[in-house]
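The lines below spell out each chain.
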Number of protein chains: 2
Amino acid sequence: MIIHLDMQSEVPIYTQLEHQIVEGIAAGKLQPGELLPSVRQLASDVGINLHTVNKVYTRLKQEGYILVHRQRGVVVNPEGMPSATSEFLEKQAVELRPIIAEAILRGMSRQELAEVMERIYAEIALPKKEES
Amino acid sequence: MIIHLDMQSEVPIYTQLEHQIVEGIAAGKLQPGELLPSVRQLASDVGINLHTVNKVYTRLKQEGYILVHRQRGVVVNPEGMPSATSEFLEKQAVELRPIIAEAILRGMSRQELAEVMERIYAEIALPKKEES
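Residues numbered from 1 in each chain as written. Chains lettered and ligands numbered in written order. Predicted model: local features only at pLDDT ≥ 70, side-chain atom pairs only at ≥ 80, totals over all residues. Heavy atoms only, no water.

Looking now at the overall build of chain A. Assigned secondary structure in chain A consists of 5 helices and 3 strands. Along chain A, from the amino end to the carboxyl end, the secondary structure elements read α-β-α-α-β-β-α-α. Reported as C-alpha extents along the three principal axes, the dimensions of chain A are approximately 50 × 35 × 35 Å. Sequence separation of at least 24 residues holds for 49% of the intrachain contacts in chain A that already meet a minimum separation of 6. Working note: accessible area of chain A is about 7900 Å², and carbon and sulfur atoms make up 49% of it. Once the 14 positive and 18 negative side-chain charges of chain A are each reduced to a mean point, those two points are 5 Å apart. (Helix = DSSP H or I, 4+ residues; strand = E, 2+ residues; numbered from the N terminus. Contact = heavy atoms within 4.5 Å. Areas by Shrake-Rupley, 256 points an atom, 1.4 Å probe, with all protein chains shown as cover. Lys, Arg positive; Asp, Glu negative; His and termini not counted. Charge placed at Lys NZ, Arg CZ, Asp CG, Glu CD.)

Have a look at this one:
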């Protein structure tokens, strides 16, 4: 999986990195049990701070998406992903609320918003074949 | 409209304030042409820095949601809200994408995600009567 970070973006680097690993798992590009680069290697490959990679791995571990073994290294959780717990759904609602509020303010209907959501869902879950 | 800020939250204060004003407009609690408190007054009422309020008003002004008049003060844009421009839709997709990716990772179906979206949309656009 190729990580692409936008150093000019308003979105912090650690957030971008976290989002891309999450999307990689969601899209099936990263499979349960798959080995991820070590903190040192990922930091060096992507050209960012060790501390930034550490922060991302710590957050992903806390969510139960990856495991960090001293010997075996960092792996996508081989037991599969946690489900949409009530705690997760609460966090999700907090994140979605301002986006939906702004859509309403801009005059978007439920239908229009549902279509946007549907399109992005399909883009992630059913990715096109890699372009050659 | 009552502003409620959570000083313990991970979400920065200026983001919380911006979200609440946007949601106030979306919900129709703040009407086009309605006067908002001055920077100084809002900062004092809510107990935050002048600079924080200034930052929020500047962003809301850039989006076209409010106007800042030297004499008349700060008002919700009396000409109504801007529409969902292609620039806005791009920003919206960037914001939605990681939330949808994480929902997929957690095994949520399109239908489940659509229902969450629908529920939040209704909560904002069709607010319950104020509880007594």
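Let's shift gears to the packing of aromatic side chains. Within the structure shown, the criterion is met by 0 aromatic pairs over all chains. Seen from the ring of Tyr-14 of chain A, Lys-55 of chain A lies directly overhead, with NZ or CZ sitting 3.8 Å from the centre. (Phe/Tyr/Trp six-rings, centres within 6.5 Å; stacked < 30°, edge-to-face > 60°. Lys NZ or Arg CZ within 6 Å of the ring centre and 35° of its normal.)

All names here are of chain A. The terminal C-alpha atoms of helix α3 (residues 50–63), which comprises 14 residues, lie 20 Å apart, in line with the 20 Å expected from a rise of 1.5 Å per residue. When we look at burial in α3, the residues that qualify are Thr-52, Val-53, Val-56, Tyr-57 and Leu-60. Relative to the axis of α3, the buried residues are bounded by an arc of 130° and lie together on one face. Counted as exposed and oriented over 90 degrees from the buried face of α3: His-51 and Gln-62. Each element contacted by the buried residues of α3 is listed here: α1 (13–26), β1 (35–36), α2 (39–46), β2 (66–69) and β3 (73–76). If you check the start of α3, you find a side-chain oxygen 3.0 Å away from the backbone N of His-51, and it comes from Asn-49. Gly-64, located one to two residues past α3, shows a positive phi value of around 90°. (Expected span 1.5 Å × (residues − 1). Buried < 20%, exposed > 50% of the residue type's maximum accessible area, 1.4 Å probe, protein only. Arc of directions from axis to C-beta. Polar contact = N/O pair within 3.5 Å; in protein donor to acceptor, adjacent residues only side chain to side chain.)

Residue and element names in this part refer to chain A. Domain annotation for chain A reports domain 1 (13–76) and domain 2 (86–131). Computed from C-alpha coordinates alone, the two centres of domain 1 and domain 2 are separated by 24 Å. The interface is formed by 6 residues belonging to domain 1 together with 5 residues belonging to domain 2. Here domain 1 packs against domain 2, burying approximately 360 Å² in sum over the two surfaces, 60% of which is carbon and sulfur. Sorting the residues of domain 1 by area buried against domain 2 places Glu-23, Ala-27 and Lys-29 first, and these three jointly supply 63% of that buried surface. Run the count over domain 1 and domain 2 and you get 0 salt bridges. At the boundary of domain 1 and domain 2, one finds 0 residue pairs in polar contact (both at pLDDT 80 or more). Tallied by class, the residues present in the side of domain 1 that touches domain 2 amount to 3 nonpolar, no polar and 3 charged. (Domains from an automatic or database assignment. Buried area = accessible area lost by both parts, 1.4 Å probe. Salt bridge = Lys/Arg side-chain N within 4 Å of Asp/Glu carboxyl O. Nonpolar A, V, L, I, M, F, W, Y, C, P; charged D, E, K, R; others polar.)

Opposite the 47 residues of chain B that make contact, chain A presents 47 residues. Here chain B packs against chain A, burying approximately 4700 Å² in sum over the two surfaces, 65% of which is carbon and sulfur. The largest per-residue losses of area from chain B upon contact with chain A belong to Arg-106, Arg-110 and Tyr-121 of chain B, which jointly make up 18% of the total buried on that side. Where chain B meets chain A, there are 10 salt bridges. Between Glu-118 of chain A and Arg-110 of chain B there is a salt bridge, with its nearest N and O atoms 2.6 Å apart. Contributing elements (two or more residues each) for the side of chain B that touches chain A: α1 (13–26), α3 (50–63), α4 (86–105) and α5 (110–125) of chain B. Here the element with the most residues in the side of chain B that touches chain A is α4 of chain B; it accounts for 16 residues. Partitioning the side of chain B that touches chain A into residue classes produces 29 nonpolar, 5 polar and 13 charged.

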